[in-house]
Amino acid sequence: MTLTRRDLLRTTATSTAGLVVAFHVPRVARAAGPAAPPLPPANAFLRIGADDSVTVLLAHSEMGQGSWTGLAMLVAEELDCDWSKVRCEHAPAAPVYAHPAFGVQMTGGSSATWSEFDRYRQVGATAKDMLIRAAAARWKVSPAACRAAGGKVIHGKDELSYGKLAEAAMKLAPPKTVSLKEPKDWKLIGTKVRRLDTPEKITGKAKFGMDVQFPDLRTAVVARPPAFGAKLAKFDATAALKVPGVEKVVPTANGVAVVAKHFWAAKLGRDALKIDWTPPEGGGVDTPKQMAEFHDKAKAPGAIAKTKGDIDAGLTGAKTKLVAEYEVPYLAHAPMEPLNCTVKIDGDRAEIWTGTQFQSIDQMVAGAILGHSPDKARDKVTIHTMFLGGGFGRRATPTSDFVSEAVIVAKAAGVPVKVVWTREDDIHGGYYRPAYVHRIQAGLDDKGRPVAWDHVVVGQSIVAGTPFEGMLAQHGVDSTSVEGLVESPYLESTGAVRVSLHSPKPPIPVLWWRSVGNTHTAFAMEGMIDEAAHAAGADPLAYRLALLKEKPRHAAALALAADKAGWSSPPPPGRARGIAVHESFRSIVAEVAEVSVENGRIRVHSVTCAVDCGTAINPLAIEAQVQGSVAFGLSAVLYGKLTFAGGRVQQSNFHDYPVVRMWDMPKIDVHIIQGKGAPMGGIGEPATAPIAPAVANAVFALTKQRLRTLPLKLA
Amino acid sequence: MKLDINGTVREVEAPPEMPLLWVIRDLLGFTGTKFGCGMAQCGACTVHLDGQPVRSCVTPVSTVGTRKVRTIEGLSPDGSHPVQRAWAEADVVQCGYCQSGQIMTTVALLEQNPSPSDTDIDAALSGNICRCGTYVRIREAVHLAARLSHGGGK
Ligand code: FES
Ligand code: FES
């Protein structure tokens, strides 16, 4: 029960006997220079055991999205192995596992499948080539006379299983190039494949960061500032140290950690600390005041994100002008597994066990605390990625907040420590989806079509001050704050467009949150388009289709969702439907929500989704991600809201920061459009964004109340 | 004190008010039962006491007495319980963190109500949060588990 991950690895290694192909991480991939090797080193990504087991090492963390299965499918497709023998492991932190598109080892941006599509298939093809050559050598025949299928190399009547060939194969020089299968020859890709991590996740055996245990490990609970901007002044640990089981109390960067034998003692000890905090300068953020300021700022244009035509003339010359303001609050990710991180320091080395989306950054930040350069950190800091009990962006912090804090605590305490956050710590701990206000002025022509569109966005930048600022922000415009707007398909034929952005800097840590900027841009954009449709007296679907004539993929998604939802026939009495379509992470999702109002509350009965994510690898996984994204988005539609008073978050746990539960859950139908030659898109996030406008538009259709603030509240 | 857990009586030394959850996890090493909220809001910590589902995060260990504690580890050694089989068949899990609690709640539900309706499922399972939003498939899996149990699949 108390196996550590290291023990587990050791056991695995010994139980699959001596012929396990040694796994080593080539350290040269990046250090050698900008020219990437033509093929990924197969031995870093794949292990074939004497027992025919095929172990795929994942450069992406499994946090529910299904990479544990999807990436393995890519390898297995080309390897032609026996799927029942395939298993996965998280890769260690090393340069060879850097994200093919983003350059650091990380999981996010709904990118695992499309970014790894070539690399993981090449790994499979490379290994298969080597296995065939090994068999051919043994039989003294030409490799061309051999073929591979079902985990065996076959030549006439002879066959050898991969397990029997693995050792010889890995001694061969890898091929310089491999050819990948034509889509028509795929056996696994495109089929419904069940998850590989199910057996351990239904038996309680799966090890999350929270589950790391080893004999001398202690648990720490940390007192952090009660308000953003507050500073630790002084603390008295006398009472905390009297709690049975508490062993040490140590300061952190801006807090106090109580180290104890187990969580419960650490928690009681933390609660018994007497701490003086210096209140935030200027009193801290107050939500009503802050939102009033945001609405105020929205009255004037900010930094220009997109401009075309003469916006003033366009608005003046328009037949009708609509003006509306949309608003969304701060949100916590609240992953089901509260944050935690285990650190063991040995001299100048650190070993870290955690569920993280950001291995490279964590490694660097942890190394820096121990005095290492980023290069040295790669040698000195080992990261064991555990299963993530949800991520949604929270486990990808550019500051590595929960990892760096644990390193500081372990260092100060002088013992291995698992820092565990309570749910309250999580809700109070920052790194929120920022609040935003959108002010839109839309000028319509005599047919009700937009001819001028002035769109001002106000909200914190999630990349300001982070290492990602250079990559994602230009000329004062954080591209993530306006994504989904500047490239809106609705504005392509609009003559005059201006999208501008104000990025105020209140002292609140903010971060990407499943589907990032699209969480608010889709709500504002698709809400306003719906308003325009109604102003034009048009059917919301027909109005959109007319504007999207040049956008066949958007139009097809809309049409399919509408068709499957029965758009052309009236909804049951007391219900209404709303529609929205949004492109994000290279995928297009259209959703139709059917709603009613029961006892003054909005009830969503069904959501019909049409998804175009290009080539569909695993329809079962796509369906799951769409269902999950809709549920995640629906929590923000119906409930999610954090407010501040004096810089303090006023919510603390699921009783006052409610999320969608079984009784809220609509029926969700997912229809996948097999993109014909369309480039592959992401699927972990894109279905999150359209749900807010789909529901709000349905509520309007039902009640004539245009709700422009999330969470939706009927008047 | 003594704790009858998954069919074995274990001796533990714990303060009486310590929640059963932390005794199970930190003192006995059964990590399948999860911590999600600590205040009976999320159901991640659901275990059975004499077959009744309880929130172990708010159950002081001293109140357990001689009642039999069953955790996810006590359900089956290999995932062969009908509810687990249904979960696998319906491909329910995502991150998986809530699923021990979902499964333990479902097992208790089916023991009391072998053929629950959607409304029964909503009532029984709305105490179990899933942030990954696996609810649609959970609902399918509960119905499937009911059928598997009827078929003498235990
Ligand atoms: S941890 Fe017990 S109900 Fe959430
Ligand atoms: S599967 Fe992730 S919280 Fe339920």
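Q: Help me understand the overall build of chain B in this model?
A: Scanning chain B from N- to C-terminus turns up 5 helices and 5 strands. When the helices and strands of chain B are listed from N to C terminus, the series reads β-β-α-β-β-β-α-α-α-α. Compactness check: chain B gives a C-alpha radius of gyration of 15 Å against a globular reference of 15 Å for 154 residues, within 12% of the reference. When its C-alpha atoms are laid out on the principal axes, chain B stretches across 40 × 30 × 25 Å. Split into buried and exposed, the 154 residues of chain B put 62% on the buried side. Residue pairs at least 24 apart in sequence account for 58% of intrachain contacts in chain B once pairs closer than 6 positions are excluded. Carbon and sulfur atoms form 52% of the exposed surface of chain B, whose accessible area is close to 5200 Å². For chain B, the distance from the average site of its 14 positive side-chain charges to the average site of its 15 negative ones is 1 Å.

Q: What's the story with the overall build of chain A in this structure? I'm lost.
A: A tally of helices and strands in chain A yields 21 helices and 28 strands. Against the compact-globule benchmark of 27 Å for 715 residues, chain A has a radius of gyration of 27 Å, which places it among compact chains. The dimensions of chain A, computed from C-alpha atoms along their principal axes, are 80 × 75 × 50 Å. Here chain A, with 715 residues, has 62% of them falling under the buried criterion. Excluding contacts between residues fewer than 6 apart, the proportion of contacts in chain A whose partners are at least 24 apart in sequence is 76%. Accessible area for chain A stands at about 26200 Å²; split by element, carbon and sulfur atoms hold 55% of it. The distance from the centre of the 82 positive side-chain charges to the centre of the 69 negative ones in chain A is 3 Å.

Q: Help me understand the sheet that holds strand β4 (residues 147-149) of chain A in this model?
A: Sheet strands pair via backbone hydrogen bonds, and the direction of the pair is either parallel or antiparallel. All names here are of chain A. The antiparallel open sheet is built from 3 strands, whose spatial order is β4-β5-β6. Both edges of this open sheet fall to β4 and β6 (158-161), since each of them pairs with a single strand only. For this sheet the average axis-to-axis angle between neighbouring strands, irrespective of direction, equals 25°. Relative to strand β5 (residues 152-155), β4 runs antiparallel, the two sharing 3 bridges.

Q: Would you mind going over the pairing of β5 of chain A with me for this structure?
A: In summary, the side chains of a regular strand alternate between the two faces of the sheet. Residue and element names in this part refer to chain A. Count of turn residues in the β4/β5 antiparallel hairpin: 2 residues, of which Gly150 carries a positive phi of about 55°. As paired strands, β5 and β6 are joined by 4 bridges and run antiparallel to one another. Considered in β6, the bridge of Ile154 is made with Glu159. Counting the residues in the hairpin turn of β5 and β6 gives 2 residues, including Gly156, whose phi is positive at 55°.

Q: Would you explain the pattern of salt bridges in this entry?
A: Side-chain pairs of opposite charge can arise where the charged atoms are in close proximity. Counted according to the given criterion, the structure contains 52 salt bridges over all chains. Linking Lys34 of chain B and Asp211 of chain A is a salt bridge whose minimum nitrogen-to-oxygen distance equals 2.5 Å. Taken together, the residues span two chains, with Lys34 of chain B in the loop between α1 (20-27) and β3 (46-49) and Asp211 of chain A in the loop between α6 (198-201) and β7 (218-223). The class for Lys34 of chain B is buried, based on a relative accessible area of 1%. With a shortest N-O distance of 2.7 Å, Asp612 of chain A and Arg553 of chain A are connected by a salt bridge. Of this pair, Asp612 of chain A sits in strand β25 (residues 601-612) while Arg553 of chain A sits in helix α19 (residues 552-565), and the two are 59 residues apart along the sequence. Since its relative accessible area comes to 26%, Arg553 of chain A is described here as partly exposed. Here the salt bridges do not stand alone but share partners, grouping Arg224, Lys267, Arg270, Asp271, Glu405 and Asp425 of chain A into one network.

Q: Help me out: how do you make sense of the side chain of Arg706 of chain A in this one?
A: All names here are of chain A. Along the polypeptide, Arg706 turns up in the segment after α21 (691-703). One polar contact links Arg706 to Asp530, side chain to side chain, over a distance of 3.1 Å. At 2.9 Å, the side chain of Arg706 and the side chain of Asn697 are in polar contact. Not counting residues within four places of it along the chain, the set of residues in contact with Arg706 comprises Tyr326, Gly527, Asp530, Glu531, His534, Asn697 and Phe700.

Q: I'm lost on the sheet that holds strand β3 (residues 86-90) of chain A in this one. Help?
A: All names here are of chain A. A sheet is described by the order of its strands in space; here 3 strands give the open sequence β1-β2-β3, paired in mixed fashion. In the strand order of this sheet, the two ends are held by β1 (46-48) and β3, each with one partner. For this sheet the average axis-to-axis angle between neighbouring strands, irrespective of direction, equals 25°. Pairing geometry for β1 and strand β2 (residues 54-58), over 3 bridges, is antiparallel. Considered in β2, the bridge of Arg47 is made with Thr55.

Q: Whenever I open this one, the domain arrangement of chain A confuses me. Can you help?
A: How big an interface is tends to be expressed through the accessible area that disappears when the partners come together. All names here are of chain A. Domains assigned within chain A are domain 1 (5-203), domain 2 (209-279 + 339-420) and domain 3 (287-331 + 432-703). The straight-line distance from the C-alpha centre of domain 1 to that of domain 3 is 39 Å. Across the boundary between the two partners, domain 1 contributes 18 residues, which contact 16 residues of domain 3. Taken together, both faces of the contact between domain 1 and domain 3 bury some 1300 Å²; the carbon and sulfur share is 66%.

Q: I keep staring at the interface of chain A and chain B and nothing clicks. Help me out?
A: The interface is formed by 62 residues belonging to chain A together with 54 residues belonging to chain B. Summed over the three residues of chain A that lose the most area to chain B, namely Ile202, Met336 and Met662 of chain A, the buried surface amounts to 18% of that side. Put simply, chain A and chain B have 4 salt bridges between them. Viewed at the interface, chain B and chain A are joined by 27 residue pairs in polar contact (both at pLDDT 80 or more). Listed by contribution, the elements that provide at least two residues to the side of chain A that touches chain B are α6, α8 (263-272), α14 (423-428) and α20 (619-638) of chain A. Residues that form the side of chain A that touches chain B fall into these classes: 31 nonpolar, 18 polar and 13 charged.

Q: Sorry, what's going on with the domain arrangement of chain B here?
A: All names here are of chain B. What the domain assignment reports for chain B is domain 1 (2-74) and domain 2 (82-149). Using C-alpha coordinates to define each centre, domain 1 is positioned 20 Å away from domain 2. With 16 residues of domain 1 in contact, the opposing surface of domain 2 contributes 14 residues. With both sides pooled, the region where domain 1 packs onto domain 2 buries about 1300 Å², and carbon together with sulfur makes up 53% of that total.

Q: Can you help me understand helix α3 (residues 99-112) of chain B in this one?
A: Note on helix geometry: an α-helix contains 3.6 residues per turn, so any two residues three or four positions apart are oriented the same way. Taking 1.5 Å per residue as the helical rise, α3 of chain B with its 14 residues ought to reach 20 Å, and the 20 Å between its terminal C-alpha atoms agrees with that figure. Burial of α3 of chain B is extensive: 12 of the 14 residues sit out of reach of the surface.

Q: I tried to follow the nonpolar core on my own but got confused; where do I start?
A: Soluble globular proteins: nonpolar side chains tend toward being buried together. Membership of the largest hydrophobic core comes to 244 residues, with the highest contact counts inside it found for Val56 and Val695 of chain A together with Trp87 of chain B. With 12 residues, helix α4 (residues 112-139) of chain A is the single largest residue contributor to this core.

Q: Hey, could you run me through the confidence of the model for chain B in this one?
A: Across chain B, pLDDT averages 96, with 98% of residues at or above 70. Confidence estimates for the predicted assembly give a pTM of 0.94 and an ipTM of 0.97.

Q: Explanation requested: empty space enclosed by the protein in the structure shown.
A: Once rolled over the atoms, a probe with the size of a water molecule shows which space is left empty. Taken as a whole, this structure holds 7 cavities of 30 Å³ or more when the rule is applied. Looking at the largest cavity, its volume works out to about 80 Å³. Considering only residue class, the lining of the largest cavity consists of 6 nonpolar, 3 polar and 1 charged.

Q: Teacher, can you tell me more about the packing of aromatic side chains here?
A: Within a pair of aromatic rings, the relevant descriptors are the distance that separates the centres and the angle that separates the planes. Residue and element names in this part refer to chain A. Evaluation of the coordinates by the stated rule reveals 21 aromatic pairs over all chains. Here the aromatic rings of Phe45 and Tyr120 are separated by 5.3 Å at their centres, their planes lie at 80°, and the arrangement is edge-to-face. Within this pair, whereas Phe45 is found in helix α2 (residues 42-45), its partner Tyr120 is found in helix α4, the two being separated by 75 residues in sequence. Of the two residues, Phe45 and Tyr120, neither departs from the other in class, the shared state being buried.

Q: Would you explain the pairing of strand β15 (residues 349-354) of chain A in this entry?
A: Most of β15 of chain A is tucked away, with 5 of its 6 residues classed as buried. Linking strand β14 (residues 340-346) of chain A to β15 of chain A, which pair antiparallel, is a turn of 2 residues; within it Gly347 of chain A sits at a positive phi near 60°.

Q: Is there a simple way to explain the confidence of the model for chain A in this structure?
A: The predicted structure's coordinates, where accompanied by low pLDDT, should not be read in detail. A residue-level look at chain A finds 94% of positions with pLDDT of 70 or above and a mean pLDDT of 93. Per-residue pLDDT stays below 50 along residues 1-37 of chain A; that stretch engages in 63 contacts with residues further than four places along the chain or on separate chains.

Q: Please explain the packing of helix α4 (residues 118-125) of chain B against helix α5 (residues 135-150) of chain B as it appears in this structure.
A: A packed helix pair is summarised by two numbers, namely the angle formed by the two axes and the spacing between the axes. All names here are of chain B. The contact between α4 and α5 brings their axes to 11 Å, and the two run at 115°. One way to sum up the angle between α4 and α5 is to call them roughly perpendicular. At the point where α4 passes α5, the crossing takes the right-handed sense. Contacts from Asp118, Ile121, Asp122 and Leu125 in α4 reach Ile138, Arg139, Val142 and His143 in α5. Grouping the constituent residues of the contact of α4 with α5 by class yields 4 nonpolar, 1 polar and 3 charged.

Rules used in this analysis
- Within each chain, residues carry numbers counting from 1 in the order of the written sequence.
- Naming scheme: in the order in which they are written, chains are lettered from A and ligands are numbered from 1.
- Only residues with pLDDT of at least 70 get local features here, since the model is predicted, and only at 80 or more are side-chain atom pairs given and counted; chain-wide, interface and lining totals rely on the full set of residues.
- To get the side-chain values, all heavy atoms of the structure are used, and hydrogens and water are removed first.
- Numbering of helices and strands runs from the N terminus, with a helix taken as a DSSP run of H or I at least four residues long and a strand as a DSSP run of E at least two residues long.
- The size measure is the radius of gyration over C-alpha atoms, and the globule rule it meets is 2.2 Å times the number of residues to the 0.38 power.
- Throughout, exposure labels follow a simple rule: accessible area from a 1.4 Å probe, protein chains only, divided by the maximum for the residue type, with under 20% read as buried, over 50% as exposed, and the rest as partly exposed.
- The contact definition used throughout considers only heavy atoms, calling two residues in contact when any of these lie within 4.5 Å.
- Shrake-Rupley sampling with a 1.4 Å probe provides the accessible areas, and residues are treated as covered by the protein chains on show and by no other component.
- None of His or the chain ends enter the tally, which takes Lys and Arg as positive and Asp and Glu as negative.
- Note on charges: their place is set at NZ of Lys, CZ of Arg, CG of Asp or CD of Glu.
- The rule for pairing is simple: two strands pair if DSSP sees at least two bridges between them.
- Note on geometry: axes are lines fitted to C-alpha atoms, helical ones only across the stretch in contact, with angles between N-to-C directions running from 0 to 180 degrees.
- The salt bridge definition used is simple: a Lys or Arg side-chain nitrogen within 4 Å of an Asp or Glu carboxyl oxygen.
- Two N or O atoms form a polar contact when they lie within 3.5 Å of each other; inside protein one atom must be a possible hydrogen donor and the other a possible acceptor, and for residues adjacent in sequence the pair counts only when both atoms belong to side chains.
- Note that the domain bounds were set by an automatic or database domain assignment.
- As a working definition, buried area equals the accessible area (1.4 Å probe) given up by two parts on being put together, with both sides summed.
- In this classification, the charged set is Asp, Glu, Lys and Arg, the nonpolar set is Ala, Val, Leu, Ile, Met, Phe, Trp, Tyr, Cys and Pro, and all remaining amino acids, among them Gly, are polar.
- By definition here, a helix of n residues has an expected span of 1.5 Å times n minus one.
- Working definition of a nonpolar core: buried Ala, Val, Leu, Ile, Met, Phe, Trp, Tyr and Cys residues. They are joined through side-chain atoms within 4.5 Å.
- Scored from 0 to 100, pLDDT records how confident the predictor is in each individual residue.
- A pocket, in this scheme, is an open set of points on a 1 Å grid over the protein atoms alone with protein on both sides within 12 Å along at least 5 of 7 lines, while a cavity is a set where a 1.4 Å probe fits but cannot get out; residues line either one if an atom lies within 4 Å of a point.
- Grid points are joined across faces, edges and corners, and a volume is the space filled by probe spheres set on the points.
- The aromatic pairing rule takes the rings of Phe, Tyr and Trp, using the six-membered ring of Trp, and pairs them if the centres are within 6.5 Å, calling planes under 30 degrees apart stacked, those over 60 edge-to-face and the rest tilted.
- The cut-offs work like this: below 35 degrees is roughly parallel, past 145 is roughly antiparallel, 65 to 115 is roughly perpendicular, and the gaps in between are oblique.
- By convention the crossing between two helices is left-handed if the near helix lies anticlockwise of the far one by an angle smaller than a right angle, and right-handed if it lies clockwise.

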